[in-house]
Amino acid sequence: MHQSNRYLSLILLAGFACSQPQETTHSVEADSTASKYSHAPLVEHIYTADPSAHVFEGKIFIYPSHDTETEVAEDDMGSHFDMKDYHVFSMERPGGKVTDHGVALKLEDVPWAGRQLWAPDAAEKDGKYYLYFPAKDKQDIFKIGVAVSDQPEGPFKAEPEPIDGTFSMDPTAFQDGDDYYLLWGGIWGGQLQWYEDQKLVEGRNGPTEGLPAPDQKALMPYIAKLGDSMTDLAEKPKEMLILDESGEPIKAGDNARRFFEAAWMHKYNGKYYLSYSTGDTHFIAYAIGESPYGPFTYQGNVLDPVEGWTNHHSIVEFQGKWYLFYHDTQLSGKTPLRNIKMAELTYLPDGKIETVKPMK
Ligand code: FUB
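Residues numbered from 1 in each chain as written. Predicted model: local features only at pLDDT ≥ 70, side-chain atom pairs only at ≥ 80, totals over all residues. Heavy atoms only, no water.

Caption draft 1: Just the overall build of the protein chain, in detail. Helix and strand counts for the protein chain stand at one helix and 24 strands. For a compact globule of 360 residues, the expected C-alpha radius of gyration is about 21 Å, and the protein chain comes in at 19 Å, within 12% of that figure. Taking the principal axes of the C-alpha coordinates as reference, the protein chain spans close to 50 × 50 × 45 Å. Burial analysis of the protein chain (360 residues in total) assigns 57% to the buried set. (Helix = DSSP H or I, 4+ residues; strand = E, 2+ residues; numbered from the N terminus. Rg over C-alpha atoms; globule rule 2.2 N^0.38 Å. Buried < 20%, exposed > 50% of the residue type's maximum accessible area, 1.4 Å probe, protein only.)

Caption draft 2: Spotlight on the pairing of strand β19 (residues 271-277). Judged by how many residues are buried, β19 sits mostly within the fold: six of seven residues are covered. Direction of pairing for β19 relative to strand β20 (residues 284-289): antiparallel, over a ladder of six bridges. In the sheet register, Ser275 faces β20, and the bridge partner there is Tyr286. In textbook terms, the turn of a hairpin is the stretch between consecutive antiparallel strands, and for β19 and β20 this stretch comprises six residues, one of which, Gly279, has a positive phi near 60°. (Pairing = 2+ DSSP bridges.)

Caption draft 3: Region of the structure containing the nonpolar core. Within the largest apolar cluster, 46 residues are counted, with the highest numbers of intra-cluster contacts made by Tyr132, Leu182, Leu183, Trp184, Ile242 and Leu274. The greatest single-element share of this core, amounting to five residues, is contributed by strand β12 (residues 179-184). For Ile242, the residues in contact, after removing those within four places along its chain, are Met220, Pro221, Glu248, Pro249, Ile250, Phe259, Leu274, Tyr276, Ala287 and Phe296. (Core = buried A, V, L, I, M, F, W, Y, C linked by side-chain atoms within 4.5 Å. Contact = heavy atoms within 4.5 Å.)

Caption draft 4: Structural detail: the sheet that holds strand β24 (residues 339-345). As summarised here, the arrangement of the three strands in space is β22-β23-β24, forming an open sheet in which the pairing is antiparallel. In this open sheet, the two edge strands, each paired with only one partner strand, are β22 (313-318) and β24. Sheet twist, expressed as the average angle between the axes of neighbouring strands with direction ignored, equals 25°. In this sheet, β24 lies alongside strand β23 (residues 321-328) in antiparallel orientation, the contact comprising seven bridges. What sits directly across from Tyr326, in β24, is Lys341. (Axes fitted to C-alpha atoms, helices over the stretch in contact; angles between N-to-C directions.)

Caption draft 5: Representation of the side chain of Asp67 within the structure. Tracing the backbone through its elements, the reader meets Asp67 in strand β3 (residues 59-67). Among the polar contacts made by the side chain of Asp67, one reaches the side chain of Arg338 at a distance of 2.7 Å. If we ignore the near neighbours within four places in the chain, the residues touching Asp67 are Tyr47, Ala49, Met83, Pro336, Leu337 and Arg338. (Polar contact = N/O pair within 3.5 Å; in protein donor to acceptor, adjacent residues only side chain to side chain.)

Caption draft 6: A look at the site of the ligand. Residues in contact with the ligand, as listed here, are Asp50, Phe81, Met83, Trp118, Ala119, Met169, Asp170, Glu261, Thr310, His312, His327 and Arg338. Contact between the ligand and Ala119: an oxygen atom at 3.5 Å from a main-chain N or O atom of the residue. Asp170 places a polar side-chain atom, nitrogen or oxygen, 2.5 Å from an oxygen atom of the ligand. Contact with the protein chains removes 99% of the 280 Å² of surface that the ligand exposes when unbound. Grouping the amino acids of the shell around the ligand by side-chain chemistry returns five nonpolar, three polar and four charged. (Near = heavy atom within 4 Å. Areas by Shrake-Rupley, 256 points an atom, 1.4 Å probe, with all protein chains shown as cover. Nonpolar A, V, L, I, M, F, W, Y, C, P; charged D, E, K, R; others polar.)

Below, the structure written as structure tokens:
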């Protein structure tokens, strides 16, 4: 399709998608042989990013960010990721139709939020669905909110306040039997470096102020058990320690292995896999632990760098196979206008993950 025609269709379809479910078919296998990309975008009618996938009601549901064109200039705080709503997607099977269920939550319907609806995630408990999402509050500080629905696709109703005790962004909900956990955090634009002992240090500014020196322990993600209501934390958040092969915490200057943002957790063969973006080195790395709290030992990469600055993912099991969801910028060539993709994930006999190559 000619680029300007494609752009026009995107605008028209984006407007239409607000009121009508959209359907599109995709392949989980390689993109066409002529393409340099290993996988095709799941949807093309709107820009999507940060896909968090779960199996609810026997289907795969995807909770991504919704990227849109913005006038906001790019900076190291991610101001150009200026998202204003969420759409939820579902598919009955990998390779099948992808349904866009339309707008699930809008910024204007979140009483405490000021701007930037970043990467969300979702959980189900006792037939209710919980959407966990980060947004900057009216003071421009990231907090994590929760919104509730009776259906996996929403619409979701936001709680009036952010979840007490949360800070920074990129929440992930992890279910382990009857226990549910929330993990989160991110440096630079994610503001984690502005906190000491989980308290905001007044006056810290920008992407690097507050970061540890390169030879010091890196900042790590946080985790807390969710309360019975799923809308609060049941305990004080704990740091999730990521160690190197000698049992030493990964250092802040170890940019190819240290935690940056986009934590995800899944369980495979009784072990807890913590995966995350390394940010400025653009990998999705992973580390394995014996408990959801860690400590975790660094293992390698789940996903090599994608086209575009950010890398973000989720991992889910569906009908006995494992899948990686991620994004790149194939449709736009622009960092803030991303598109979600999926790929099959392979475990080696020793429990390691075969690194997914997003480009051929
Ligand atoms: O989509 C906005 C931000 O970009 C996410 O919260 C980060 O993980 C990165 O993907």
